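In case you want the letters, here they are:
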Amino acid sequence: MSRLRGAISGIVAAGTGIAAAELLAAAVRPGAGPLVAVGGTVIDATPTPIKEFAVREWGTHDKPVLLSVIGVVLVLLTVTTGIAATRWRAAIPVGTGVLGVAGAAAALCRPAGTVLDAVPAAFGAALAGLALWWLLRERRDAADAVRENGVDRRLVLRLSLLAAGAGAAEAAGLAVSGQRENAAGKSREAIRLPAAADPAKPLPNGIAADFTTPSANFYRVDTALTVPRVDPSTWRLKIHGMVDREIELSFTELLRRPLIERDITLNCVSNEVGGPYIGTARWLGVPLAALLKEAGVQAGADQIVARSVEGMTIGTPVATGLDGRDTMLAVGMNGEPLPLEHGFPVRMLTPGLYGYAGACKWVTELELTTFDRFDAYWVERGWDTEGTVKTASRIDKPKPFARMAAGTVTVAGVAWAQRRGIETVEISVDGGPWQPAELLPTASIDTWTQWRLSWKATAGPHSLAVRATDKSGAVQPETRATPFPDGATGWHTISVTVG
Ligand SMILES: Nc1nc2c(c(=O)[nH]1)N[C@H]1C(S)=C(S)[C@@H](COP(=O)(O)O)O[C@H]1N2
Ligand SMILES: [Mo]
């Protein structure tokens, strides 16, 4: 009985403290709540193989999974504290102290963290300690009098009071952040992007309907537990470091520059062979080259370190900003301002580079430096510095393990080699000779190429493999490699059953 009392008291006390801390954080420092801070710290500290596993197994759901794990750890800790505290009151400061220090340290150590960010966790832990002490406090003489049928009514009353308080604080916290979210959404809706000075060419006739990926279906990969809400009216971009002249721009000033509009395929280095982390959108943005020329890149600078509002760093080779490709600071995606999840108000985009090397979202700073001098976030974790996209291809139809009738079956998919372009795509049935697929028209060498093949399917189990050759003549290698450290290789192969 006393164990149950301790366990429930521990959970309710911790819930009260956490709800209060989250409310305080929501009010003063959005995005710096202790849960998110701890989650972010866990993400950053997670070894690359586990991260790869998480992205592979859970994809965009990796964050709910992480938060659930943190929740389970929290419950174990608070239950233990509560039970221990029924016998040993010193367990209260010890248990809540551990939680408070963990939360405060995580918040302090976030890349964009300040001393102030430690306050909500410290406050919440103190409150949780007080609540637990209050819950477990008994007046010896009165203890028996209030117990009826084995139920301690005073404890139940206190638990209910605290639970109600925690619920109210949680609701208030959600309301505050919901309002902020709304405000960010509204400021995005209010934006009228100027027309491009250099618009995209119309998509060629004969392009298939799903060439452009709708923004709502576009894959999302980032380390942000909560989507950063950036107010475009206070957003600034600073270009500094190894430059002759520092540049600082507001969003309005950025939009006054001539904009280009381009169809570009973006993909993630963590994409497995045949995986879903790739999409093509029509992007609107300011060419980076013009800004770099204005700033005057100094000799020796070979890396642009892009920093985002939440402290991500992405290292992009300077050469890819000046060699004539359409590297841009994107403000628009598929005819609208960038969606919040895809980097509103401004993100980098570098054709030919994986996202981790050229596509910093919520960007606010570009520092010119060298690869020798600074390792960006992913490079620090062992990923390749260059981030050049590898030639690859994927079978989208039929689906793996599909069953179909014998006869003519359309096999179709995409192939990509941004900056080089796709020359041929070939299909091999059951390891037989490679047959060339028909290539559909495509927008440019920076976009994927759709392909299809009519296959005379005979009854029985079959395997279908695809390989692409880029315009440099390089054939996609058969050797299977995992995404780490510079992108997966190997032929996408699927099994189907005919008849
Ligand atoms: N600020 C920030 N930018 C980021 C990332 C991130 O974690 N934080 N992830 C990068 C990675 S790994 C990829 S693949 C692309 C994905 O962009 P998307 O989510 O718009 O598809 O964003 C890049 N830019
Ligand atoms: Mo990525």
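Keep in mind the model is a prediction, meaning the values are calculated, not measured.

Considering the environment of Pro-120
And then number 1: If you trace the backbone, Pro-120 turns up in helix H6 (residues 119-136).
And then number 2: Residue classification places Pro-120 among the buried positions, given a relative accessible area of 3%.
And then number 3: Residues Pro-120 and Ala-184, 64 residues apart in the sequence, show an inter-C-alpha distance of 23 Å.
And then number 4: For Pro-120, the residues in contact, after removing those within four places along its chain, are Ala-21, Leu-24, Ala-25 and Pro-34.

Here we look at the pattern of salt bridges
Pairs can form between side chains of opposite charge once their charged atoms are near each other.
And then number 1: Evaluated as defined, the whole model comprises 21 salt bridges.
And then number 2: The closest approach of N and O atoms between Asp-44 and Arg-110, which form a salt bridge, is 2.5 Å. Taken together, the residues span a long stretch of sequence, with Asp-44 in helix H2 (residues 34-45) and Arg-110 in the loop between helix H5 (91-109) and H6 at a distance of 66 residues.
And then number 3: Under the relative-accessibility criterion, Asp-44 is labelled buried at 18%.

Quick notes on the UniProt feature "transmembrane region" (unreviewed entry) in the chain
And then number 1: According to UniProt, the positions carrying the feature "transmembrane region" (unreviewed entry) are residues 65-85, 92-113, 119-136 and 156-176.
And then number 2: As annotated, residues 65-85 has a helix share of 100% and a strand share of 0%, and its two end C-alpha atoms lie 30 Å apart.

Details of the side chain of Thr-46
And then number 1: By the secondary structure assignment, Thr-46 is in the loop between H2 and helix H3 (48-58).
And then number 2: A polar atom in the side chain of Thr-46 sits 2.5 Å from the backbone oxygen of Val-42.

A look at a nonpolar patch on the surface
And then number 1: On the surface, Trp-88, Val-94 and Val-98 cluster together into a nonpolar patch covering about 310 Å² of accessible area.
And then number 2: On the secondary structure map, Trp-88 appears in the loop between helix H4 (62-87) and H5.
And then number 3: Trp-88 gets classed as exposed once you look at its relative accessible area, which sits at 52%.

Quick word on the UniProt feature "domain: Oxidoreductase molybdopterin-binding" (unreviewed entry) in the chain
And then number 1: Per the UniProt annotation, the sites labelled "domain: Oxidoreductase molybdopterin-binding" (unreviewed entry) are residues 225-378.
And then number 2: Within residues 225-378, the helical portion is 15% and the strand portion 37%, while the C-alpha atoms at the span's ends are 17 Å from each other.

A short note on the environment of Gly-285
And then number 1: Relative to the elements of secondary structure, Gly-285 occurs in strand E6 (residues 278-287).
And then number 2: Residues Gly-285 and Met-328 lie 43 residues apart in sequence; the distance between their C-alpha atoms is 5.6 Å.

With respect to the domain arrangement of the chain
And then number 1: In terms of domains, the chain is made up of domain 1 (2-186), domain 2 (215-380) and domain 3 (392-498).
And then number 2: Computed over C-alpha atoms only, the centres of domain 1 and domain 3 are separated by 49 Å.

Regarding empty space enclosed by the protein
And then number 1: Taken as a whole, this structure holds three cavities of 30 Å³ or more when the rule is applied.
And then number 2: Each pocket or cavity is described by its volume, and for the largest cavity that value is around 60 Å³.
And then number 3: Considering the residues around the largest cavity, the lining is formed by Gly-10, Ala-13, Ala-14, Thr-78, Thr-81, Gly-95, Thr-96, Leu-99, Ala-128 and Leu-132.
And then number 4: Those elements that place two or more of their residues in the lining of the largest cavity are helix H1 (2-28), H4, H5 and H6.
And then number 5: The residue inventory of the lining of the largest cavity, partitioned by class, reads five nonpolar, five polar and no charged.
And then number 6: Of the pockets and cavities examined, the second largest cavity occupies roughly 40 Å³.
And then number 7: Every element with two or more residues in the lining of the second largest cavity is listed here: strand E8 (313-317), helix H12 (355-358) and helix H13 (377-380).

Things to note about the sheet that holds strand E17 (residues 434-436)
And then number 1: With mixed pairing, the five strands of this open sheet are ordered in space as E14-E21-E20-E16-E17. Whereas interior strands pair on both sides, the edge strands pair on one side only; in this sheet they are strand E14 (403-404) and E17.
And then number 2: Sheet analysis places strand E16 (residues 422-429) next to strand E20 (residues 460-470), joined by seven bridges and oriented antiparallel. By the bridge assignment, Val-429 is partnered in E20 with Leu-464.

Topic: the packing of aromatic side chains
For any pair of aromatic rings, the description rests on two quantities: the centre-to-centre distance and the angle between the ring planes.
And then number 1: Within the structure shown, the criterion is met by nine aromatic pairs.
And then number 2: Between Trp-235 and Phe-251, the aromatic rings sit 6.1 Å apart at their centres with planes inclined by 85 degrees, giving edge-to-face as the arrangement. With Trp-235 in the loop between helix H8 (153-190) and strand E3 (236-241) and Phe-251 in helix H9 (residues 251-255), the pair connects residues that are 16 residues apart, well separated along the chain.
And then number 3: In this structure Trp-235 comes out as buried when scored by relative accessible area, which is 3%.
And then number 4: Following the ring pairs from residue to residue traces out a cluster consisting of Phe-218, Tyr-219, Tyr-277 and Trp-283.
And then number 5: The ring centre of Phe-374 lies 5.4 Å from the NZ or CZ of Arg-307, which sits over that ring.
And then number 6: One Lys or Arg, Arg-381, reaches over the ring of Tyr-377 and ends 3.7 Å from the middle of that ring.

Conventions and cut-offs
Residues numbered from 1 in each chain as written. Chains lettered and ligands numbered in written order. Predicted model: local features only at pLDDT ≥ 70, side-chain atom pairs only at ≥ 80, totals over all residues. Heavy atoms only, no water. Helix = DSSP H or I, 4+ residues; strand = E, 2+ residues; numbered from the N terminus. Buried < 20%, exposed > 50% of the residue type's maximum accessible area, 1.4 Å probe, protein only. Contact = heavy atoms within 4.5 Å. Salt bridge = Lys/Arg side-chain N within 4 Å of Asp/Glu carboxyl O. UniProt positions renumbered as here; feature names shortened; annotations may be inferred. Polar contact = N/O pair within 3.5 Å; in protein donor to acceptor, adjacent residues only side chain to side chain. Patch = residues over 30% accessible without salt bridge, like charges linked within 9 Å, V, L, I, M, F, W, Y side chains within 5 Å. Areas by Shrake-Rupley, 256 points an atom, 1.4 Å probe, with all protein chains shown as cover. Domains from an automatic or database assignment. 1 Å grid on protein atoms, 1.4 Å probe; cavity = no way out; pocket = protein on both sides within 12 Å on 5 of 7 lines; lining within 4 Å. Points joined across faces, edges and corners; volume = space filled by probe spheres on them. Nonpolar A, V, L, I, M, F, W, Y, C, P; charged D, E, K, R; others polar. Pairing = 2+ DSSP bridges. Phe/Tyr/Trp six-rings, centres within 6.5 Å; stacked < 30°, edge-to-face > 60°. Lys NZ or Arg CZ within 6 Å of the ring centre and 35° of its normal.

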